[in-house]
Structure formats: C-alpha cells, structure tokens
Amino acid sequence: MAVAGGVRSRLHNFLEGADNGGGRRLVITDSKTSLAKLVVENAVIVFGRRGCCMCHVVNRLLLGHGVNPAVCEVDEEKEEAVLNELSIVNGGGIQFPAVFMGGKLFGGLDRVMSTHITGELVPILKEAGALWL
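Let me begin by describing the structure that accompanies this report. Sequence positions are assigned chain by chain, starting from 1 and proceeding in written order. It should be noted that, the model being predicted, local features are given only for residues of pLDDT at least 70 and side-chain atom pairs only at 80 or more, the latter also being counted only at that level, while totals for whole chains, interfaces and linings use all residues. To obtain the side-chain values, all non-hydrogen atoms of the structure were used and water was disregarded.

Observations regarding the pairing of strand β5 (residues 98-101)
We count it as follows: To sort residues, take the accessible area from a 1.4 Å probe on protein chains only and compare it with the maximum for the residue type: under 20% means buried, over 50% means exposed, and anything in between is partly exposed. The secondary structure listing takes helices from DSSP runs of H or I that are at least 4 residues long and strands from runs of E that are at least 2 residues long, numbered from the N terminus. When DSSP finds two or more bridges between a pair of strands, those strands are recorded as paired.
Here β5 shows two buried faces, one formed by Ala98 and Phe100 and the other by Val99 and Met101. Bridge analysis of strand β3 (residues 44-49) against β5 gives four bridges, and the strand direction is antiparallel. Bridge pairing in β5 places Val46 opposite Val99. For β5 and strand β6 (residues 104-107), the ladder comprises three bridges, and the chain directions are antiparallel.

The following block contains the structure:
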C-alpha cells in the first residue's frame, strides 16, 4: 500500500490496510503481527474471517453508533494461529467474529446485538473510549 511521502505508520508495518467505507479494515499478512498489541491499542477491534457476513453486521452496527472499529480480517490459512494467539490474550476459547472493547474480549455478534437491544452498548462503548458523547 502506497503512503504519502513513502512513510508507513507502525500499524501498516504490521498490517496491510484498505478503506472500507468509513471503517478501518486490516488484513493479517504475516505471522509476526502482535495481536495483543492491536487489542490494547484499539478501543474497539473486530476479528473475523475474510468476507464474513457476521463481521460485516457487527462493523455496520458499530459504525451506526459513531464508532470507527478496526476490523481485522483473517485469511483461512492464518485462522488457527490467530485464534490461538487471541486465546492466549483472553485466557480462553475464542470464535469469530470476536469483538474486543477496551482491551478485553467483549464477545461475538450475539453479545453485541443483545447489548444494543437492551441499551447497554453505548455506555460500554463510552467506557472503552470508543465514544466521547
């Protein structure tokens, strides 16, 4: 990915990014990606399989709330390694899509949808630092 002035950000050293209509879409391109660092550095980050419709739904819901989540799409051949590393970060089993808020595993699509329906999602996003209003 070409960057103005030939300078690449630290994040682009880890990942190859692409614009996705408002969100930040990240694609894991190497095995040296520090997923723990990505989880800590982003208020909200969504990990999912490349092209996953559930990941897309989570992303669109968060964008609708004014949150600009990082979305990390994982290619099929890297899936097992990413799930293992995320399990180490979280201390338990993880499935895609996996949503991290404030450096902690929040859950998947079901948890995001249920907290949205009950009205609990916005306060959680504020606490995570993803919303300021």
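Some details on the side chain of Glu79
Basically, it comes down to this: Pairs of N or O atoms within 3.5 Å make up the polar contacts considered here, provided that, within protein, one atom can donate a hydrogen while the other can accept it, and that residues adjacent in sequence are counted only when both atoms are side-chain atoms. Contacts were defined at the residue level, with two residues in contact if any of their heavy atoms lie within 4.5 Å.
Within the element layout of this structure, Glu79 appears in helix α4 (residues 79-90). Reaching out from Glu79, the side chain makes a polar contact with the side chain of Arg49 at a distance of 3.1 Å. Ignoring sequence-local partners within four residues, the contact set of Glu79 consists of Arg49, Val74 and Phe96.

What about the environment of Gln95?
Along the chain, Gln95 falls in the loop between α4 and β5. Relative accessible area serves as the criterion here: at 67%, Gln95 is assigned to the exposed category. Along the chain, Gln95 and Gly108 lie 13 residues apart, while their C-alpha atoms are 7.6 Å from each other.

Description of α4
Heads up, the rule is: Expected span of a helix, by definition, is 1.5 Å for each gap between consecutive residues, and there is one gap fewer than residues. Note: the arc covers the axis-to-C-beta directions of the helix.
An ideal rise of 1.5 Å per residue puts 16 Å on twelve residues; α4 measures up with 16 Å between its terminal C-alpha atoms. By the burial criterion, the buried members of α4 are Glu79, Val82, Leu83 and Leu86. Down the axis of α4, the smallest arc covering the buried residues is 100°, so these residues share one side. The exposed set on the far side of α4, more than 90 degrees from its buried face, consists of Glu80, Ala81 and Ile88.

Here's the deal with the nonpolar core
Inside soluble globular proteins, nonpolar side chains tend to come together where they are buried. As a reminder of what qualifies: Nonpolar cores were defined as sets of buried Ala, Val, Leu, Ile, Met, Phe, Trp, Tyr and Cys residues, with membership established by side-chain atoms within 4.5 Å.
Within the largest apolar cluster, 18 residues are counted, with the highest numbers of intra-cluster contacts made by Val44, Leu62, Val99, Met101 and Leu125. Only β3, α3 (53-64), β5 and α6 (121-128) provide two or more residues apiece to this core. Core analysis: the second largest hydrophobic core is formed by 15 residues, Leu38, Ile45, Leu86 and Ala98 among them.

What about the environment of Gly48?
Of note, Gly48 is situated in strand β3. Classification of Gly48 by relative accessible area gives buried; the value is 0%. Counting along the chain gives 23 residues from Gly48 to Val71, while the straight-line C-alpha distance between them is 7.6 Å. For Gly48, the contacting residues outside a window of four places in its chain are Cys55, Cys72, Glu73, Val74, Phe96 and Pro97.

Quick notes on unusual backbone geometry
For the bond running from Phe96 to Pro97, omega is -10°, close enough to zero to count as cis. Turning to its location among the elements, Pro97 is positioned in the loop between α4 and β5.

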